[in-house]
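Each chain, written out:
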Protein chains: 2
Amino acid sequence: MVSALESDVRERFRRSGYTLTSQRRAVLEALKDFKGHPSAEEVYLVVKKRNPKVALGTVYQALSVLEEIGLIEAKHWSESPVRYDLNTDPHHDIRCTRCGEVAEITGVEFEDFAARIRENTPYEVTSASLVIEGVCPICRSEN
Amino acid sequence: MVSALESDVRERFRRSGYTLTSQRRAVLEALKDFKGHPSAEEVYLVVKKRNPKVALGTVYQALSVLEEIGLIEAKHWSESPVRYDLNTDPHHDIRCTRCGEVAEITGVEFEDFAARIRENTPYEVTSASLVIEGVCPICRSEN
DNA sequence: CCTTGCATTAATAACCATTCTTGAAAAAGT
DNA sequence: ACTTTTTCAAGAATGGTTATTAATGCAAGG
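Residues numbered from 1 in each chain as written. Chains lettered and ligands numbered in written order. Predicted model: local features only at pLDDT ≥ 70, side-chain atom pairs only at ≥ 80, totals over all residues.

Undergrad: Help me get a handle on the domain arrangement of chain A, residues and values and all.
TA: All names here are of chain A. On domain assignment, one finds that chain A holds domain 1 (6–85) and domain 2 (92–141). Taken over C-alpha atoms, the centre of domain 1 sits 22 Å from the centre of domain 2. Here the residues of the side of domain 1 that touches domain 2 sort into one nonpolar, four polar and two charged. (Domains from an automatic or database assignment. Nonpolar A, V, L, I, M, F, W, Y, C, P; charged D, E, K, R; others polar.)

Undergrad: Outline the protein's contact with DNA strand D, supporting the account with residue identities and numerical values.
TA: In the neighbourhood of DNA strand D, 20 residues make up the surrounding shell, with Gly57(A), Val82(A), Thr21(B), Gly57(B) and Thr58(B) lying closest. A breakdown of the residues in the surface near DNA strand D according to their chemical character gives eight nonpolar, nine polar and three charged. (Near = placed C-beta within 6 Å.)

Undergrad: Break down the interface of chain A and chain B for me, citing the residues and quoting the values.
TA: Listed as interface residues are 32 residues of chain A and, on the opposing side, 32 residues of chain B. For the side of chain A that touches chain B, the secondary-structure elements that each account for two or more residues are strand E3 (92–96), strand E4 (102–105), helix H5 (110–119), strand E5 (124–135) and helix H6 (137–141) of chain A. In terms of residue count, E5(A) provides more of the side of chain A that touches chain B than any other element does, twelve residues in total. Each residue belonging to the side of chain A that touches chain B can be placed in one class, and the counts come to 17 nonpolar, eleven polar and four charged. Judged from the eleven bridges that link them, E5(A) and strand E5 (residues 124–135) of chain B form a sheet pairing that is antiparallel. When the bridges of E5(B) are listed, Val125(A) appears paired with Gly134(B). (Contact = placed C-beta atoms within 7 Å. Helix = DSSP H or I, 4+ residues; strand = E, 2+ residues; numbered from the N terminus. Pairing = 2+ DSSP bridges.)

Undergrad: Residue-level account of helix H4 (residues 56–68) of chain A, with values.
TA: Residue and element names in this part refer to chain A. In this model H4 runs 18 Å from its N-terminal to its C-terminal C-alpha over 13 residues, within 8% of the 18 Å that 1.5 Å per residue would give. Of the surrounding elements, those touching the buried residues of H4 are helix H2 (22–33), helix H3 (40–50) and strand E2 (83–85). Directly beyond the C-terminal end of H4, a positive phi value near 85° is found at Gly 70. (Expected span 1.5 Å × (residues − 1).)

Undergrad: Could you give an account of the protein's contact with DNA strand C, naming the residues involved and the relevant values?
TA: The environment of DNA strand C is formed by 23 residues, the closest being Thr21(A), Gly57(A), Thr58(A), Pro81(B) and Val82(B). The set of elements that each furnish at least two residues to the surface near DNA strand C consists of H2 and H4 of chain A together with helix H3 (40–50) and helix H4 (56–68) of chain B. For the surface near DNA strand C, the class distribution of residues is ten nonpolar, ten polar and three charged.

Undergrad: Which residues make up the sheet that holds E5(A), and what values go with them?
TA: Across the sheet, which stays open at both edges, the six strands sit in the order E4(A)-E3(A)-E5(A)-E5(B)-E3(B)-E4(B) with mixed pairing between neighbours. Only two strands of the sheet have a single partner each, and these edge strands are E4 of chain A together with strand E4 (102–105) of chain B. Neighbour-to-neighbour, the strand axes of this sheet turn through a mean angle of 30°, independent of strand direction. Pairing of E3(A) with E5(A) involves three bridges; the strand directions are parallel. In the strand pairing of E5(A), Cys96(A) is matched with Gly134(A). Contacts from H5(A) reach E3 and E5 of chain A together with E4 and E5 of chain B, with the element oriented near 130° to E5(A). (Axes fitted to C-alpha atoms, helices over the stretch in contact; angles between N-to-C directions.)

Undergrad: Residue-level account of the nonpolar core, with values.
TA: One finds Ile132(A) and Ile132(B) to be the most contacted residues of the largest nonpolar core, which totals 23 residues. Breaking this core down by element, the ones donating at least two residues are E3 and E5 of chain A together with strand E3 (92–96) and E5 of chain B. Among all residues touching Ile132(B), those that are not within four sequence positions of it are Ile117(A), Val125(A), Ala128(A), His92(B), Ile94(B) and Ile105(B). (Core = buried A, V, L, I, M, F, W, Y, C linked by C-beta atoms within 7 Å. Buried ≥ 20, exposed ≤ 12 C-beta atoms within 10 Å, placed from the backbone.)

What follows is the structure, encoded as structure tokens:
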């Protein structure tokens, strides 16, 4: 599952009690258009193209609902606005500190690692995520 | 090495070219008083007690210098201001999402994991850190 | 249908952490 | 000591995000 299926979208809204409004749908559709990980502001710009009436605040609200019901994932990087990811499968992203571009990292199994963290703290771990930053190949070549 | 020794402090300032001013020293001393991981605001309040003239902006500047020369470490958690840690040894912290309390996690070796990340991306990885959040035992007992 | 109630929305104001700007002060170099 | 450079303090400004509020829309019951 890379992006939520139509049936899954409806199911999650139904279970959560939230209603699937046109605005929330528009935000979700906008996210599908992006291949990368847009910020709230970027999502807003795309949504506005189709429906110029929506306000930035509405997009923020919609994003927080979508995140709450598990359709999207929020990634907090240091020094940059929160970015949203439609792919909720376990995976990890790396962000270029120069151009802001975000790429996926595969081939590292974080889940075992997270399990070990859970064993080593009396806290009830609710989230364990990686914040990986670096310089992407393009920026690197530009010296 | 848990907190920087006097000689190390001077050495790092010397090498960096920054001067070890009374304000920067005051910020460093304030950090020593905290057992936990204060925010810039909290550091400011402590520094101000001894020297009421310092401004919040000065504390921010001092913190960024101290971080740059490696005497302290900045931890960016989602939904909360940056917190500063005097312990620059490899270790990981977990933050309670209810009370904000920060605790250390030991017994998990992140370095091997980080090395594997480096192998799996064309990015030049500059930082790989964990953002672990959960509910601390005290908050948990309070239901 | 019509109403009554509750969720959602839009617009704007407010917030908060952080950074920027500017003139003054201090330190370093000569 | 004098000049040049760096650092500082204070407050304004910024940027992302949340809160507020009034208006709107949908839904169930009469």
